[in-house]
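Letter by letter, the chains look like this.
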Amino acid sequence: MLTVSPTFDPKAPEGPDTYLQVISPDGTRHPCPELDEWVGDIDVPALEKLYIDMACIRRLDAEGTALQRQGELGLWAPLLGQEAAQIGSGRALENDDFIFPSYREHGVAYCRGVNPHDLLRMWRGAAPSGWNPYEVNMANQQIVIGAQTLHAAGYAMGLKFDGSAAAAITYFGDGATSQGDVSEAMVFAASYQAPLVFFCQNNHWAISEPVARQTTGHIADRAAGFGLATWRVDGNDVLAVMAATRAALAHVRTGSGPAFIEAVTYRMGAHTTADDPTRYRDALELEEWAAKDPLDRVAAHLDSLGADLGELKKRSESAADELAAGLREAITTMPDPTVDDLFAHVYSHPHQGLEEQRENYSNYLAGFAVQGQGTK
Amino acid sequence: MKTLTFSQALNTSLRSAMEHDSKVVLMGEDIGKLGGVFRITDGLQKDFGQHRVIDTPLAESGIVGTAIGLAFRGYRPVVEIQFDGFVYPAFDQIVSQLAKMHFRSRGNVKLPVTIRIPFGGGIGSPEHHSESPEAYFAHTAGLRVVSPSNPQDAYTMLQQAIADDDPVIFLEPKRRYHVRGEVDTDLVPDPGSLYNAQVVREGADLTLIAYGPLVKTAMDAAAAAQDEGIDIEVIDLRSIEPVDFVTLSASVRKTGRVVIAHEASKFGGIGAELAASLTERCFDHLDHAPVRVTGFDIPYPPSKLEHHHLPDLDRILDGVDRAMRRTGDLLGEEG
Ligand SMILES: Cc1ncc(C[n+]2csc(CCOP(=O)(O)OP(=O)(O)O)c2C)c(N)n1
């Protein structure tokens, strides 16, 4: 089969011509034949709910950053600007669909019902991870770029072999698409026609590297080369993201093989709280993207539909306040890990050498107590 | 002489290597405009251009694999791996390709590639940001593995590593990046001295061997032991592969006791190799079996627990007590 791709001009401005969109930045809803049918059920109350979700995770993010500044967290990876990508996709999933995230998917975790205590534990440095993946059908945060996509491919192969109706989804950034693991994951998923959705949040930056350092074309086009069904959508448009995710999930559930979504969005904050974006990023670019804010456009659209915006903002603020209070409460009540946690769970059954190290070390620490000196 | 931080010494060293040899190119993630996440390459892209300071795609296997290709073509790539835990995606290219090409081509292909890795813990980072992978590389024939512990060595050893025709894994103790020290940038070292250990403190009672991040801790421990009447000789290993057994054995024959400290896990670690080799070489001179003070045999723990995992002054002194057969050692391990 011959495929012909349109020529890609890296200097051409990005916009609705190069990705699918349902609500434009000014809040106008326009017809989108590829996506409309997938969000036909989203009425005003449903859209208000999505708005509140986005407002909540925006606050979650602000709290995460603040808690890091106060020394309560060791590090935080902000999601500001990526609310629509995370809520739109997160709310499209069924409960038994399984998620393999990177480290930035706090919003997806929120959709999954991960509680704040569990969400913050890793960022505080109190535990290697926060939650039991099987309780929320979401794997723990992945820090090695791209590694989780292969786990997702394997999980989806398992779903297929088991004849399950569930699907898997994996999240990663634009930078990750350069990793061999991500290519290999697409090979496996396609080769076994596994029910897996690859969800790329193209937030334009991999720390200091612009997306152009990873690809000269569109990321979604690369996936097409692996035989995946692809959607390239406005990642700041919650309806477009939700529609594409629902469509992709439906596609993979029919056994037609994996799908790939490129959500074109923007990381408004720093890469992490340890990063200084002023060294590499233009302030003008930020302004440009601020005008495409995912929350503002939903508000403007709801306004045009005659919704009571004042009341909506009140509701979303009180939901966000409650979430923020939960986060702060989680931090103040989180116990510090103990020395036993150091040696726990390295293996699933006792290990002689490690037992010995644990015992020797606790005797060592006890010795300080006896001597009443030392620095421990 | 200049006073530089460890990281400035590395930056200055890269700059002189690039000025001196136009075939030296730097490669890595975020090393251009950002200057690397630790700013070791700060300003270099501005001065040398994008083809000499190459901001690469986010792909470690790709970075090392293409560095091999560039070296094939006569370049001397200096690769930056962002953090220790991210070298593993490149592991195959390093151990199966980089390490073996000279042997495979019967000496016809030289791969003067230097792989800089900020390594070790103590900076409160999340998973994969604090690892000590030296044993994996030291175990692979064809690679040389070194780790400086002070700004002068950071400067000099990096010059030597880049000039070496063999691949060198260059481990930078990241928690020492901000330490200051005198650096003589005019020093022209004998190329082979990269692989020499250095006695950094003389002593008569016990030999304490450390490298990279723990040399400072070892020196502090020796000073503390002096107050208790134990005279410790401290050796900065500098080269992890090859090991300078001439210097080590001479010291151990003199003192009769040896303690080895490193952050990496104990089992199958560099300490095991040093202990076994020194026992073989100096058995008749030893008054006690070599003692290892190391990280535990666990994945690197979350940051709130890392102070337990990393050998500190007290744990090193406890190891010293054991090697000295002093009663009251706390760890209670068999000597
Ligand atoms: C294998 C690996 N290499 C390097 C890093 C260091 N690192 C952490 S995040 C990051 C950039 C990732 O960018 P992208 O994939 O676009 O995701 P984003 O953070 O923008 O969401 C890098 C280089 C890492 N975590 N893993």
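Residues numbered from 1 in each chain as written. Chains lettered and ligands numbered in written order. Predicted model: local features only at pLDDT ≥ 70, side-chain atom pairs only at ≥ 80, totals over all residues. Heavy atoms only, no water.

1. Looking at the overall build of chain A
For step 1, the next point in the chain: Within chain A, the secondary structure is distributed over 14 helices and seven strands.
For step 2, the next point in the chain: Taking 376 residues into account, the globule formula puts the C-alpha radius of gyration at 21 Å, and chain A, at 22 Å, falls close to it.
For step 3, the next point in the chain: Taking all 376 residues of chain A together, 54% fall into the buried category.
For step 4, the next point in the chain: Here the contacts in chain A between residues at least 6 apart in sequence split such that 73% fall between residues at least 24 apart.
For step 5, the next point in the chain: Accessible area of chain A: about 16,100 Å², with a carbon and sulfur share of 52%. (Helix = DSSP H or I, 4+ residues; strand = E, 2+ residues; numbered from the N terminus. Rg over C-alpha atoms; globule rule 2.2 N^0.38 Å. Buried < 20%, exposed > 50% of the residue type's maximum accessible area, 1.4 Å probe, protein only. Contact = heavy atoms within 4.5 Å. Areas by Shrake-Rupley, 256 points an atom, 1.4 Å probe, with all protein chains shown as cover.)

2. Observations concerning the interface of chain B and chain A
For step 1, the next point in the chain: Each partner contributes to the interface: chain B provides 43 residues, whereas chain A provides 45 residues.
For step 2, the next point in the chain: Scanning the region where chain B abuts chain A turns up two salt bridges.
For step 3, the next point in the chain: A salt bridge links B:Lys304 to A:Asp336; the shortest N-O distance between them is 3.9 Å.
For step 4, the next point in the chain: Viewed at the interface, chain A and chain B are joined by 13 residue pairs in polar contact (both at pLDDT 80 or more).
For step 5, the next point in the chain: For the side of chain B that touches chain A, the secondary-structure elements that each account for two or more residues are helix H11 (306–309) and helix H12 (313–323) of chain B. (Salt bridge = Lys/Arg side-chain N within 4 Å of Asp/Glu carboxyl O. Polar contact = N/O pair within 3.5 Å; in protein donor to acceptor, adjacent residues only side chain to side chain.)

3. Observations concerning the UniProt feature "domain: Transketolase-like pyrimidine-binding" (unreviewed entry) in chain B
For step 1, the next point in the chain: In the numbering used here, UniProt assigns the "domain: Transketolase-like pyrimidine-binding" (unreviewed entry) feature to residues 4–179 of chain B.
For step 2, the next point in the chain: Note that residues 4–179 of chain B is 36% helix and 17% strand, and that its end C-alpha atoms are spaced 8 Å apart. (UniProt positions renumbered as here; feature names shortened; annotations may be inferred.)

4. Describing the packing of aromatic side chains
All names here are of chain A.
For step 1, the next point in the chain: Within the structure shown, the criterion is met by 24 aromatic pairs over all chains.
For step 2, the next point in the chain: When the centroid spacing of 5.6 Å and the interplanar angle of 65° are considered together, the rings of Phe100 and Tyr155 count as edge-to-face. Highlighted residues: Phe100 in strand S1 (residues 98–100) and Tyr155 in helix H6 (residues 147–161), separated in sequence by 55 residues.
For step 3, the next point in the chain: Taking relative accessible area as the criterion, Tyr155 reaches 28% and is therefore assigned partly exposed. (Phe/Tyr/Trp six-rings, centres within 6.5 Å; stacked < 30°, edge-to-face > 60°.)

5. Side note on the nonpolar core
Here is a general trend for soluble globular proteins: nonpolar side chains tend to be buried in one another's company.
For step 1, the next point in the chain: Of all hydrophobic cores here, the largest spans 122 residues; its most connected members are A:Leu35, A:Trp231, A:Val233, B:Ile94, B:Ile115 and B:Leu248.
For step 2, the next point in the chain: Element by element, the count of residues in this core is highest for helix H9 (residues 238–253) of chain A, at 11 residues.
For step 3, the next point in the chain: Composition of this core by domain shows at least three residues from each of domain 1 (2–195) and domain 2 (198–323) of chain B.
For step 4, the next point in the chain: Ignoring sequence-local partners within four residues, the contact set of B:Ile115 consists of B:Val64, B:Val79, B:Ile81, B:Ile94, B:Leu98, B:Val168, B:Ile169 and B:Phe170.
For step 5, the next point in the chain: Among the nonpolar cores identified, the runner-up in size contains 28 residues, and B:Ile40, B:Leu44, B:Ala161 and B:Val168 belong to it. (Core = buried A, V, L, I, M, F, W, Y, C linked by side-chain atoms within 4.5 Å. Domains from an automatic or database assignment.)

6. A few points about the sheet that holds strand S9 (residues 198–201) of chain B
Each strand in a sheet pairs with its neighbour through backbone hydrogen bonds, running either in the same direction (parallel) or in the opposite one (antiparallel).
Residue and element names in this part refer to chain B.
For step 1, the next point in the chain: A sheet is described by the order of its strands in space; here five strands give the open sequence S9-S11-S10-S13-S14, paired in mixed fashion. At either margin of the open sheet sits one strand with a lone partner, and together these are S9 and strand S14 (291–295). On average, each strand axis in the sheet is inclined to that of its neighbour by 25°, with strand direction left out of account.
For step 2, the next point in the chain: Pairing geometry for strand S10 (residues 206–210) and strand S11 (residues 232–236), over five bridges, is parallel. When the sheet's bridge partners are listed, Leu206 is paired in S11 with Ile232.
For step 3, the next point in the chain: Set on the sheet, helix H8 (residues 214–227) makes contact with S9, S10, S11 and strand S13 (258–265); between it and S11 the angle comes to about 175°. (Pairing = 2+ DSSP bridges. Axes fitted to C-alpha atoms, helices over the stretch in contact; angles between N-to-C directions.)

7. Focus: the packing of helix H3 (residues 60–72) of chain B against helix H4 (residues 91–98) of chain B
All names here are of chain B.
For step 1, the next point in the chain: Where H3 contacts H4, the two axes come as close as 7 Å, and the packing angle between them is 25°. Taken together, the axes of H3 and H4 lie roughly parallel to each other. Taking contact as the criterion, the partners of Ser61, Val64, Gly65 and Ile68 in H3 are, on H4, Gln93, Ile94, Gln97 and Leu98. (Parallel < 35°, antiparallel > 145°, perpendicular 65-115°, else oblique.)

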